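Per-entry structural report
One-letter residues, chain by chain:
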Amino acid sequence: MAYAVEIYFDAETDRTVRKIWEAIAEAGLNSYMLEANYRPHFTLGVCEELDVAGMKAALDEFAEEYSPLPLALSSLGIFPGEEGVLFLGVTVARSLLDLHAAFHRAFAKYAQQQSEYYTVGNWIPHCTLAYLLSEEETIAALEIAREFALPLLSRTTEIGISEVAPDSCQQIYLVKLSS
């Protein structure tokens with residue numbers, strides 16, 4: 001089982017992303033995000049082993065220091081390869097990169113076997129819309145996602161730790177970003 005630290009969106013963005021997930025599922029293409037019990041988010045870091053107690057304390061401090069950020073989910077994208085990922089791209093701003101770098105200074109103390117995809121300098125901030133799509137499903141899901149107006153103007157609201165397995169996501173800790 002792996003661990004992910006995720007940032008969550010305001011209620012309006014959450015609803016819109018869920019509508020996209022549902023539209024993709026209703027087309028019979030992919031319902032992974034719904035079935036695995038994910039919450040709309042973007043991920044800051046992933047690791048195989050985590051000192052959960054230490055990370056909870058670090059997130060409490062982190063959440064006190066960082067206010068909710070305004071964000072724009074402004075593009076659709078895919079990650080090539082076997083994973084078949086369709087996503088909403090988060091427009092990168094200096095404040096987002098600073099938050100990510102600060103997070104990783106704390107994360108490095110508690111996380112072992114980190115995924116390189118989420119490290120500083122490699123990270124592509126995104127909100128997954130569908131996962132494990134074939135090439136044909138990717139094209140069809142992209143057509144569905146294109147029907148939703150972009151950009152989605154959003155705010156970050158919370159940060160949390162989830163345990164993730166190939167078929168499930170269970171949130172184990174959540175804290176609000178200071179306002």
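See the structure shown above.
Turning next to the layout of surface pockets. Leftover empty space is mapped by rolling, across the atoms, a probe with the size of a water molecule. Of the pockets and cavities examined, the largest pocket occupies roughly 800 Å³. Lining the largest pocket are 28 residues, with Val46, Glu83, Tyr117, Tyr118 and Tyr131 sitting closest to its centre. Taken together, the elements giving at least two residues each to the lining of the largest pocket come down to strand 1 (2-9), helix 2 (32-35), strand 2 (41-50), strand 6 (126-130) and strand 7 (152-165). When residues in the lining of the largest pocket are grouped by element, the largest group, 5 residues, is from strand 2. Here the residues of the lining of the largest pocket are counted per class, giving 19 nonpolar, 6 polar and 3 charged.

Residues Leu150 and Pro151 are joined by a peptide bond in cis, for which omega reads 5°. Positionally, Pro151 belongs in the loop between helix 5 (135-145) and strand 7. One non-glycine residue, Asn37, lies in the positive phi region at around 70°. Structurally, the position occupied by Asn37 is in the loop between helix 2 and strand 2. By relative accessible area, which is 56% here, Asn37 ends up exposed. A positive phi angle, near 60°, is found at Gln113, a position not held by glycine. Locating Gln113 in the fold gives a position in strand 5 (residues 111-114).

Let us look at the packing of aromatic side chains. With the rule as written, the count across this model stands at 8 aromatic pairs. Between the aromatic rings of Tyr32 and Tyr38, the centroid separation amounts to 5.9 Å while the plane-to-plane angle is 40°, which identifies the pairing as tilted. According to the relative accessible area criterion, Tyr38 is buried, its value standing at 12%. Summarising the aromatic geometry, the rings of Phe79 and Phe87 are spaced 4.4 Å apart at their centres and angled 25° between planes, so their arrangement reads as stacked. With relative accessibility at 23%, the residue Phe79 sits in the partly exposed group. With relative accessibility at 8%, the residue Phe87 sits in the buried group. Ring-pair connections join several aromatic residues into one group, and the members of that group are Phe62, Tyr66, Phe103 and Phe107.

Attention now moves to empty space enclosed by the protein. Applying the stated criterion to the full structure yields 1 cavity of 30 Å³ or more. Counted as a void, the largest cavity has a volume near 30 Å³. Forming the boundary of the largest cavity are Trp21, Ile24, Asn30, Ser31, Tyr32, Met33, Leu34, Leu129 and Ala130. Those elements that place two or more of their residues in the lining of the largest cavity are helix 1 (11-26), helix 2 and strand 6. Broken down by element, the residue count for the lining of the largest cavity peaks at 3 residues, all from helix 2. Grouping the amino acids of the lining of the largest cavity by side-chain chemistry returns 7 nonpolar, 2 polar and no charged.

Bringing the nonpolar core into the picture now. Judged by nonpolar contacts, the single largest core of 57 residues is most densely connected at Ile24, Phe42, Leu50, Leu59, Leu129 and Ile159. Excluding residues within four positions of it along the chain, Ile24 makes contact with Leu29, Asn30, Leu86, Leu129, Ala130, Ala141 and Ile144.

What follows covers the side chain of Thr128. Mapped onto the elements, Thr128 comes out in strand 6. For Thr128, a relative accessible area of 15% translates into the label buried. Ignoring sequence-local partners within four residues, the contact set of Thr128 consists of Trp21, Met33, His41, Val85, Leu86 and Phe87.

Bringing a negative patch on the surface into the picture now. Together, Asp60, Glu61, Glu64 and Glu65 make up a negatively charged patch on the protein surface. By secondary structure assignment, the location of Glu65 is in helix 3 (residues 52-65). Given the relative accessible area of 59%, Glu65 is considered exposed.

Cut-off values and rules
- Residues numbered from 1 in each chain as written.
- Predicted model: local features only at pLDDT ≥ 70, side-chain atom pairs only at ≥ 80, totals over all residues.
- Heavy atoms only, no water.
- 1 Å grid on protein atoms, 1.4 Å probe; cavity = no way out; pocket = protein on both sides within 12 Å on 5 of 7 lines; lining within 4 Å.
- Points joined across faces, edges and corners; volume = space filled by probe spheres on them.
- Helix = DSSP H or I, 4+ residues; strand = E, 2+ residues; numbered from the N terminus.
- Nonpolar A, V, L, I, M, F, W, Y, C, P; charged D, E, K, R; others polar.
- Buried < 20%, exposed > 50% of the residue type's maximum accessible area, 1.4 Å probe, protein only.
- Phe/Tyr/Trp six-rings, centres within 6.5 Å; stacked < 30°, edge-to-face > 60°.
- Core = buried A, V, L, I, M, F, W, Y, C linked by side-chain atoms within 4.5 Å.
- Contact = heavy atoms within 4.5 Å.
- Patch = residues over 30% accessible without salt bridge, like charges linked within 9 Å, V, L, I, M, F, W, Y side chains within 5 Å.
- Areas by Shrake-Rupley, 256 points an atom, 1.4 Å probe, with all protein chains shown as cover.
- Salt bridge = Lys/Arg side-chain N within 4 Å of Asp/Glu carboxyl O.
- Lys, Arg positive; Asp, Glu negative; His and termini not counted.
- Charge placed at Lys NZ, Arg CZ, Asp CG, Glu CD.

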